[in-house]
Amino acid sequence: PLPLWGEEFDIRQLRRAFSTSLSPRGEILLREYLHGWRQLLKFMEALGTAFGLISRETESKISIMEQHQEGPHSLHYHTVQSMVKFELASGLVGFQSLPAHQPPSGCRTLLRLHRALKWLELFLHKLGTSQKDEKSSRMCAEAYRVALAPYHSWWVQQAVALAFLAMPSRQELYHIIVRGEKPAAGAIVLTTVESLSRVYNVTQEVYSAHGMLELP
Ligand code: 1Q0
């Protein structure tokens with residue numbers, strides 16, 4: 001019933017984007033990282049209007065990062081590490097809230113995506129190890145409670161809870177995610193989880209080393 005999904009979203013592209021975003025020297029390449037997010041956005045957009053708020057919010061965060069990448073300091077927005085170094089040295093991180101005329105910093109914006117990546121990691125891990133009768137909406141909600149809810153207002157939490165009710169079933173999700181390769185479906189999902197979690201862990205270390213896990 002949802003033919004569009006198959007043509008758009010490709011989990012292998014998603015995995016490739018995130019695994020190539022981690023350079024051999026342990027740097028996170030922002031271009032590839034954001035490319036991975038663009039893939040996820042395709043997925044979300046195909047889920048329909050119930051997910052409009054979530055995809056608009058994601059789009060907005062990706063765009064802010066892209067503006068930094070294309071701005072006058074583009075060279076510094078090559079990797080997560082170079083961005084952190086640059087914004088720290090220039091006083092642009094925004095440890096207290098930034099004045100309204102200043103665009104949101106790369107660091108605080110990436111932090112939002114970074115937390116959401118944890119949600120995805122937890123959710124996909126649940127999906128990849130789930131039994132046939134488990135509910136995807138429940139897997140979503142449990143991952144959300146751990147990874148994102150603590151950072152969201154009550155209103156956002158209510159809106160997200162509603163969206164989860166519109167989540168496709170586990171079987172439909174598998175259908176979109178891995179189309180042809182049914183026998184290995186769980187394995188494909190779990191390899192993706194591994195790439196996501198490597199990237200997540202490196203980012204987490206960088207942010208925690210600079211006391212940047214709670215930027216307003
Ligand atoms: C498809 C379902 C995904 C649901 C994931 C839960 C995320 C809900 C986030 C909703 C946020 C909308 C309202 C705004 C929140 C902001 O306050 C908050 C903080 O930003 P700020 O500037 O106010 O401090 N923003 C965020 O936390 C950013 C959240 C970004 C949302 C990321 C959603 C992750 C989606 C992943 C793709 C789903 C694909 C699932 C299957 C993948 C198959 C391989």
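Preceding block: the structure.
Given the structure is predicted, the values throughout are model-derived calculations rather than measurements.

**Q** How should I be thinking about the overall build of the chain in this particular structure?
**A** Within the chain, the regular secondary structure consists of ten helices and zero strands. On C-alpha atoms alone, the chain measures out to a radius of gyration of 17 Å, which is about the 17 Å that the 2.2 N^0.38 rule sets for 216 residues. Counting over 216 residues, the chain shows a buried share of 44%. Put simply, 69% of the contacts in the chain that link residues at least 6 apart link residues at least 24 apart. Here the chain has roughly 11,600 Å² of accessible surface; of this, 56% comes from carbon and sulfur atoms. If you average the places of the 23 positive and of the 20 negative side-chain charges in the chain, the two averages end up 3 Å apart.

**Q** Just to check I follow, could you spell out the site of the ligand for this structure?
**A** Within the structure, the ligand sits among 25 residues, and Glu57, Lys61, Arg108, Arg112 and His152 are positioned closest to it. Between the ligand and His152, the relevant distance is 2.8 Å, taken from an oxygen atom to a side-chain nitrogen or oxygen of the residue. Protein contacts shield 90% of the accessible area of the ligand, which totals 960 Å² for the unbound molecule. When residues of the shell around the ligand are traced back to their parent elements, those giving at least two are α2 (11–21), α3 (30–46), α4 (52–70), α6 (106–128) and α8 (154–165). Here the element with the most residues in the shell around the ligand is α6; it accounts for six residues. For the shell around the ligand, the residue count by class is 19 nonpolar, two polar and four charged.

Reading the values: rules and limits
- Residues numbered from 1 in each chain as written.
- Predicted model: local features only at pLDDT ≥ 70, side-chain atom pairs only at ≥ 80, totals over all residues.
- Heavy atoms only, no water.
- Helix = DSSP H or I, 4+ residues; strand = E, 2+ residues; numbered from the N terminus.
- Rg over C-alpha atoms; globule rule 2.2 N^0.38 Å.
- Buried < 20%, exposed > 50% of the residue type's maximum accessible area, 1.4 Å probe, protein only.
- Contact = heavy atoms within 4.5 Å.
- Areas by Shrake-Rupley, 256 points an atom, 1.4 Å probe, with all protein chains shown as cover.
- Lys, Arg positive; Asp, Glu negative; His and termini not counted.
- Charge placed at Lys NZ, Arg CZ, Asp CG, Glu CD.
- Near = heavy atom within 4 Å.
- Polar contact = N/O pair within 3.5 Å; in protein donor to acceptor, adjacent residues only side chain to side chain.
- Nonpolar A, V, L, I, M, F, W, Y, C, P; charged D, E, K, R; others polar.

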